[in-house]
Amino acid sequence: MTRLRLAGSLLLAGLVGLTACSGGEQPPPTAVVDRGVVSTGVSASGSLVSITQQNLGFTEGGRITELLVEVGETVAAGQPLARLDDAEARSKVVAAQAALDQQQASLGKLTGANTVEAAQTSLGSAESVLAATRDQVGAQNAANDTAVERAKVQLAFDRKQLAAAQEKLETDRRACKRSGGSTATATPDPATPEPDAASSGGGLLGGLSGGSGTSGGSGLGAATTDPACTTVAADEQAVTTAKGQVIASQTALAQAEGTRDTGAASGRVSIANAESAVADARSQLTGANNDAPADVAVQDAVVADARNTLADAQRGLDDTLLRAPVAGTVSAINGAVGDVVPAASSTTALAPGSDARIPQAVGSASAASGTAGATGGGASAAGGAPFITLNDLQTYQLVVPFEESDAARVAPNQTVDVTVDALPGVSLPATVVAVAPTATQLSGVVSYYATVVLNRTDPQLRDGQTAQADVRTEARNGVLRVPNTAVRQEGGRSVVDVPGDDGAPVTRQFVPGLVGDQFTEVRSGLDDGQQVLLPQATVAATPGGPGGGGPGGGGAGGN
């Protein structure tokens, strides 16, 4: 019977008691049809457990040399908790390291480790030099190509300047002739060719008449007095200067092309030398590695095995220090400095949908051990209790077993009211997290564990307290309802008794809806505020007991 049903029964018994103890004829008790919650539910008792629990112990047994925490202390993840005597573990690490060094030395003898390492170093150096040489040659070639292109651009520009100067000279000469004047002009030697890419500076200057119109013995004509012809001499000087610039640009281009070609050839030689050095280094490395492949493979395996042995020994040394895997509160320590603890063993049964333990499964082990503070399996110390228990006491869960008929009505996300036996008057809201998919036999009863998480906590809560979970499997709010104690069945119909005009009971049929644990939903047939009669029982009055007792109120709490 659920706690909700029990409350309804006590209500009815109280009403009947008041009637029986009145010592006389009393009006029948009544209740009022009202609006409220109609719900059904199931209940079960269990124990509060922390939302997570870590049962900790050492991988290998040994003597405790340090306890670094106390019961009730809050620890962080990774914090050291306790230490075992590690002398033997350190000795194993030293021996394993010596064995590894020995096997690596044997492998070095087979492979000529020094020669191989030297050859590998030489090859690496040669490859680095080759890469650097290629980069340098590439950069130099690019710079030389750029210089050649610039020289070509400069030559093209200077040739355009020469052509412009020559055109201006011819234009001015024609203008002078048309004006009928004369000028002292430098007459070019017809036998002297125009400057080109093969011309030298001396040829160009030799093909020109030197001096100006006033120089003696230079072949110039007589000075003109016509002002229109005075610019011809300046034009001739500009042509001479432009020809010299063209010759200089041709020379610069030839030099740039020569530098480019020479640099490219030199770069090819440098790269070839570097490639030859890499090939020689590879050949030396191949020769150094060409030693008894089968023997080398066997010794490689021996070295790998020795390395694994060292890793195992180091792990054994690390395991002599117990650390907290997660943050939490130390709730139990089963051991003291100087005690010898065995290796951790067994496992902890977890509640469905959670990391919390199942209290009953834990209780059987701890009860057998008789060790105070033992709360779970997992890393068991002497006597079967875990060496250190670490809990998250910020949030609690209630793990309860439901009979198979009740378990069929429980589902995740249902609302739960949790009451704690040690805290009268305290009711905590909670939610169903999960229901176990498989059954557990508890004292011959098929049961299914359900995990209920509290939606808020209370500072008075303690791990292991007995609590009851009242799960609301179905609920309807704000509906018209009548107490179940007033309802009976007649011919398959739901009826109640209401007071008649003369006070005599009158049977009234109504259409029920959801039948809850304490109330039945009224869909039609009864009105809000209408009184209904409750059943009476004849009980011998207690002498001196309380008298009175009159019409009942409008239902007694609950739903």
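Before reading on, note that the structure itself is shown above.
Before going into details, it helps to say that this report is about the structure given with it. (Residues numbered from 1 in each chain as written. Predicted model: local features only at pLDDT ≥ 70, side-chain atom pairs only at ≥ 80, totals over all residues. Heavy atoms only, no water.)

A few points about the packing of aromatic side chains
In step 1: By the definition in use, this model includes one aromatic pair.
In step 2: Where phenylalanine 58 meets phenylalanine 387, the ring centres are 5.5 Å apart and the plane angle is 35°; that geometry is what we call tilted. One end of the pair, phenylalanine 58, is in the loop between strand E3 (53–56) and strand E4 (62–67); the other, phenylalanine 387, is in the loop between helix H7 (359–369) and strand E10 (388–391), and 329 residues separate them in sequence. Of the two residues, phenylalanine 58 and phenylalanine 387, neither departs from the other in class, the shared state being buried.
In step 3: Positioned over the ring face of phenylalanine 519 is arginine 481, at 3.9 Å from the centre of the ring. (Phe/Tyr/Trp six-rings, centres within 6.5 Å; stacked < 30°, edge-to-face > 60°. Helix = DSSP H or I, 4+ residues; strand = E, 2+ residues; numbered from the N terminus. Buried < 20%, exposed > 50% of the residue type's maximum accessible area, 1.4 Å probe, protein only. Lys NZ or Arg CZ within 6 Å of the ring centre and 35° of its normal.)

Side note on the packing of helix H2 (residues 87–111) against helix H6 (residues 293–318)
In step 1: Where H2 contacts H6, the axes come no closer than 8 Å and their chain directions differ by 165°. One finds that H2 runs roughly antiparallel with respect to H6. You can see that H2 and H6 cross each other, and the crossing is left-handed.
In step 2: Counted by class, the contact of H2 with H6 contains 14 nonpolar, nine polar and five charged residues. (Axes fitted to C-alpha atoms, helices over the stretch in contact; angles between N-to-C directions. Parallel < 35°, antiparallel > 145°, perpendicular 65-115°, else oblique. Left-handed = near helix turned anticlockwise from the far one by under 90°. Nonpolar A, V, L, I, M, F, W, Y, C, P; charged D, E, K, R; others polar.)

Brief notes about the sheet that holds strand E8 (residues 328–333)
In step 1: Across the sheet, which stays open at both edges, the four strands sit in the order E3-E10-E8-E5 with antiparallel pairing between neighbours. Since the sheet does not close on itself, it has two edges, and those belong to E3 and strand E5 (74–75), each with one partner.
In step 2: Bridge count for E3 against E10 is four bridges, and the pairing is antiparallel. By the bridge assignment, asparagine 55 is partnered in E10 with threonine 389. (Pairing = 2+ DSSP bridges.)

As for the pattern of salt bridges
In step 1: Tallying each qualifying case throughout the model produces 17 salt bridges.
In step 2: With its nearest N and O atoms 3.0 Å apart, the salt bridge here joins arginine 481 to aspartate 34. You can see arginine 481 sitting in strand E16 (residues 466–483) and its partner aspartate 34 sitting in strand E2 (residues 34–50), a full 447 residues away along the chain.
In step 3: Overall, the relative accessible area of 19% leaves aspartate 34 in the buried class.
In step 4: As a salt-bridge pair, aspartate 235 and lysine 168 come within 3.0 Å of each other at their nearest N and O atoms. Pair noted here: aspartate 235 is in helix H5 (residues 232–289) and lysine 168 is in helix H3 (residues 113–178), with a separation of 67 residues, a long-range link.
In step 5: Relative accessible area serves as the criterion here: at 6%, aspartate 235 is assigned to the buried category. (Salt bridge = Lys/Arg side-chain N within 4 Å of Asp/Glu carboxyl O.)

Notes on unusual backbone geometry
In step 1: Of note in this structure, asparagine 413 is not a glycine but carries a positive phi near 75°.
In step 2: Relative to the assigned elements, asparagine 413 resides in the loop between helix H8 (404–407) and strand E12 (415–420).
In step 3: Positive phi outside glycine occurs at serine 443, with the angle close to 55°.
In step 4: Residue position: serine 443 is located in the loop between strand E14 (440–442) and strand E15 (445–454).
In step 5: Overall, the relative accessible area of 81% leaves serine 443 in the exposed class.

Focus on the pairing of strand E20 (residues 511–515)
In step 1: As paired strands, E20 and strand E21 (residues 519–524) are joined by three bridges and run antiparallel to one another. By the bridge assignment, valine 515 is partnered in E21 with threonine 520.
In step 2: Hairpin connection, E20 to E21: the antiparallel pair is bridged by three residues.

Topic: the sheet that holds strand E7 (residues 321–323)
Backbone-to-backbone hydrogen bonds pair the strands of a sheet. The strands run either parallel or antiparallel.
In step 1: The four strands are arranged E7-E6-E4-E9 in an open sheet whose pairing can be described as antiparallel. Only two strands of the sheet have a single neighbouring strand rather than two, namely E7 and strand E9 (340–341).
In step 2: Where E4 lies against E9, two bridges are found, and the strand directions are antiparallel. The partner of glycine 62 across the bridge, within E9, is valine 341.

Such coordinate-based values are descriptive only and should not be taken to indicate function.
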